[in-house]
Amino acid sequence: MSNTPSLATTDSSQRRAPRAPQRVAASPAPQLPRSGETQLSARQVKKSYRKGQVSIPVLRGVDLEVRRGEFLAIIGQSGSGKSTLLHLLGTLDAPDSGEIHFGGRRIDNLPARDRDALRNRQFGMIFQFYHLLPELTMLENVLAPQMIASGVFQYLRQRKAHVEAATQLLSLVGLEHRLKHKPRELSGGEMQRAAIARALVTGPEVLLADEPTGNLDHQTGREILNLLRTLNRAHHLTICMVTHDLSIAQEADRIVRLAEGQVVEA
Ligand code: ADP
Ligand code: MG
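Quick caveat, the model's predicted, so the values are computed rather than measured.

Analysis parameters
Residues numbered from 1 in each chain as written. Chains lettered and ligands numbered in written order. Predicted model: local features only at pLDDT ≥ 70, side-chain atom pairs only at ≥ 80, totals over all residues. Heavy atoms only, no water. Near = heavy atom within 4 Å. Polar contact = N/O pair within 3.5 Å; in protein donor to acceptor, adjacent residues only side chain to side chain. Areas by Shrake-Rupley, 256 points an atom, 1.4 Å probe, with all protein chains shown as cover. Nonpolar A, V, L, I, M, F, W, Y, C, P; charged D, E, K, R; others polar. Helix = DSSP H or I, 4+ residues; strand = E, 2+ residues; numbered from the N terminus. Expected span 1.5 Å × (residues − 1). Buried < 20%, exposed > 50% of the residue type's maximum accessible area, 1.4 Å probe, protein only. Contact = heavy atoms within 4.5 Å. Core = buried A, V, L, I, M, F, W, Y, C linked by side-chain atoms within 4.5 Å.

Caption draft 1: Structural detail: the site of ligand 1. Residues in close proximity to ligand 1 include Tyr-49, Val-58, Gln-77, Ser-78, Gly-79, Ser-80, Gly-81, Lys-82, Ser-83 and Thr-84, which together make up its full environment. With respect to ligand 1, the side chain of Lys-82 contributes an N or O atom lying 2.8 Å from an oxygen atom. Within the side chain of Ser-83, one N or O atom sits 2.9 Å away from an oxygen atom of ligand 1. About the coverage of ligand 1: the protein hides 54% of its 560 Å² of free accessible area. For the shell around ligand 1, the class distribution of residues is two nonpolar, seven polar and one charged.

Caption draft 2: Local environment of helix H6 (residues 159-172). Look at H6: 20 Å from first C-alpha to last across 14 residues, which is about the 20 Å you get at 1.5 Å a residue. For H6, every residue scored as buried is listed here: Ala-161, His-162, Val-163, Ala-165, Ala-166, Leu-169 and Leu-170. Downstream of H6 by a residue or two, Gly-174 has a phi angle that is positive, lying close to 85°.

Caption draft 3: Spotlight on helix H3 (residues 112-122). Among the residues making up H3, those that are buried are Leu-118, Arg-119, Asn-120 and Gln-122. On the buried face of H3, the contacting elements are strand E4 (97-102), strand E5 (105-106), strand E6 (123-126), helix H4 (138-150) and strand E7 (206-210).

Caption draft 4: Just the nonpolar core, in detail. Ranked by internal contacts, the top residues of the largest apolar core, which has 42 residues, are Ile-126, Leu-170, Ile-196, Leu-207, Leu-228 and Met-241. Those elements giving two or more residues to this core turn out to be strand E3 (71-75), H4, H6, helix H7 (188-200), E7, helix H8 (218-235), strand E8 (238-243) and helix H9 (246-249). Element by element, the count of residues in this core is highest for H7, at seven residues. Beyond its immediate stretch of four places on either side in the chain, Ile-196 contacts Ile-126, Val-173, Ile-224, Leu-227, Leu-228 and Leu-231.

Honestly, it's all geometry; don't read function into it.
Here you go:
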């Protein structure tokens, strides 16, 4: 018999539970977060965009500390640089100068490959317009980051466990009846719930949320905020949410304001 693992292997004896869903979908973690400890930070971060010959400064030396286990809201007017800052925190983009630190180490200057891995494993991201893949079902959308994180070969070996875990996450966000639906068959609130499940599937420590209720009616927006609050409280997920809406921000533990390229306590 060959020792080469079969692609079809789903035998439970060879299955290890995927790490992500364990973290969020299981009951609350036994260890409480060491609250107050800085988990993610921006230090003197500057970022400009070039328009023709002109350089337009957006962030002019941002200092920000996100503490482990907190639900932080960053408010600011449209165009103040909130999305820019969130992208820098999540290493989707690099600052012109300054540094981003996560878990005690600098991350903005890591090689692209390490940044990709970090983003895939440690940061979940959700956006105003969900960014679900239209041709995939909800279950497939949620499984996609897991496939990227594990690599296809490893993913297929543990496919059954991954599917179970993704299904559990979709249940956690209230979508157990929508596993096989495509995004166009869902409401905005349901799409955002699926996007949250997708963001959590690899077990991130931090959720970065860019105007997560910005496309939703008031009631649905509140439901999404309640879900975020539950994930923060019951599952110790650190949340950093940007919004232009003060009433949304007031649901967070702490609010900071981005204005004139800098962050100040609100
Ligand atoms: P917010 O999320 O607070 O509305 P953004 O971070 O999206 O603000 O944008 C801040 C400013 O930077 C805006 O003036 C916007 O037009 C500009 N900007 C954002 N991204 C780019 C880009 N990729 N190229 C050029 N300008 C950009
Ligand atoms: Mg924005």
